[in-house]
Amino acid sequence: AAYYDVVVRPEDTDPGTARSMLRSLVTDRLGLNVRPATEKRMTMVLSPAPGGVLIEASGSNEGVLDLEEGQLRAVGADIAQLMALVGKNSKVPVVDETELPGRYDYLLEWDASNGAFAFIQSLGDIGLMLSPGLRPVESLVVSDAKFLDDAGARPTPVPVQPATSTEQEETH
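Residues numbered from 1 in each chain as written. Predicted model: local features only at pLDDT ≥ 70, side-chain atom pairs only at ≥ 80, totals over all residues. Heavy atoms only, no water.

1. Observations regarding the confidence of the model for the chain
1) Next: Mean pLDDT for the chain: 82, with 76% of residues reaching 70 or above.
2) Next: Across the chain, the secondary-structure element scoring lowest on mean pLDDT is helix 4 (residues 165-171), at 47, and the one scoring highest is strand 5 (residues 103-109), at 96.
3) Next: Here residues 166-172 is modelled with pLDDT under 50, and outside its nearest four sequence neighbours on either side it reaches seven contacts, counting other chains as well. (pLDDT = per-residue confidence, 0-100. Helix = DSSP H or I, 4+ residues; strand = E, 2+ residues; numbered from the N terminus. Contact = heavy atoms within 4.5 Å.)

Right, here's the structure in full:
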């Protein structure tokens, strides 16, 4: 049996709508029956740094993140926007544990030649940190698949055999 991780990152969509869109995609277009599941997985966790958060609320509702080489300027941006940016560049899910409501203005600067590591370190300048951690992650598990025949009809569902833990380890 094969084991696949499918990562979907819809832009500018709230998490509830994104889950609904993904479920519709795999059910309607791919012919897969799925069920929701939550399991602990390796994630990156955005949280307040030990010294506390160093950003102040913005008077703007612009919601702008301007990313240039070695610089990120936020004007009236909420933490969800920062999460989307970090998540788009991460190979694992990113979890927000900041509990920061509202919108903020901030400027992050880093040495772009040092890549993602330098960006992650620059989060400390605004009192945030990004670190690995095991957290519950919602996912969709395929329970069976319906394959189209030559006439386009959907025959009886074919049970999908779950991967064994050995097979899962081999594919990661």
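Here the narrative resumes.
2. Quick word on unusual backbone geometry
1) Next: With a phi angle near 55 degrees, E99 is a residue other than glycine that sits in the positive phi range.
2) Next: Its place among the elements puts E99 in the loop between strand 4 (94-96) and strand 5.
3) Next: For E99, a relative accessible area of 75% translates into the label exposed. (Buried < 20%, exposed > 50% of the residue type's maximum accessible area, 1.4 Å probe, protein only.)

3. Some thoughts on the nonpolar core
1) Next: If you look at the biggest cluster of nonpolar residues, it comprises 23 residues, and the most contacted ones within it are L46, L72, L82, Y106, L108, F119 and L123.
2) Next: If you tally residues by element for this core, the top one is helix 2 (residues 79-88), at five residues. (Core = buried A, V, L, I, M, F, W, Y, C linked by side-chain atoms within 4.5 Å.)

4. Regarding the pattern of salt bridges
1) Next: Counted under the stated rule, the structure contains one salt bridge.
2) Next: Residue E97 pairs with R135 through a salt bridge whose shortest N-O separation is 2.5 Å. Highlighted residues: E97 in the loop between strand 4 and strand 5 and R135 in strand 6 (residues 128-145), separated in sequence by 38 residues.
3) Next: Taking relative accessible area as the criterion, R135 reaches 25% and is therefore assigned partly exposed. (Salt bridge = Lys/Arg side-chain N within 4 Å of Asp/Glu carboxyl O.)

5. A word on the pairing of strand 2 (residues 64-68)
1) Next: Note: strand 2 against strand 3 (residues 71-78), five bridges, orientation antiparallel. Each bridged residue has a counterpart across the sheet, and for L67 the counterpart in strand 3 is L72.
2) Next: Two successive antiparallel strands, strand 2 and strand 3, enclose a turn made up of two residues, where G70 displays a positive phi of approximately 80 degrees. (Pairing = 2+ DSSP bridges.)

6. Quick word on the environment of G51
1) Next: With respect to the secondary-structure elements, G51 resides in the loop between strand 1 (32-48) and strand 2.
2) Next: As a C-alpha pair, G51 and L128 span 77 residues in sequence and 9.0 Å in three-dimensional space.

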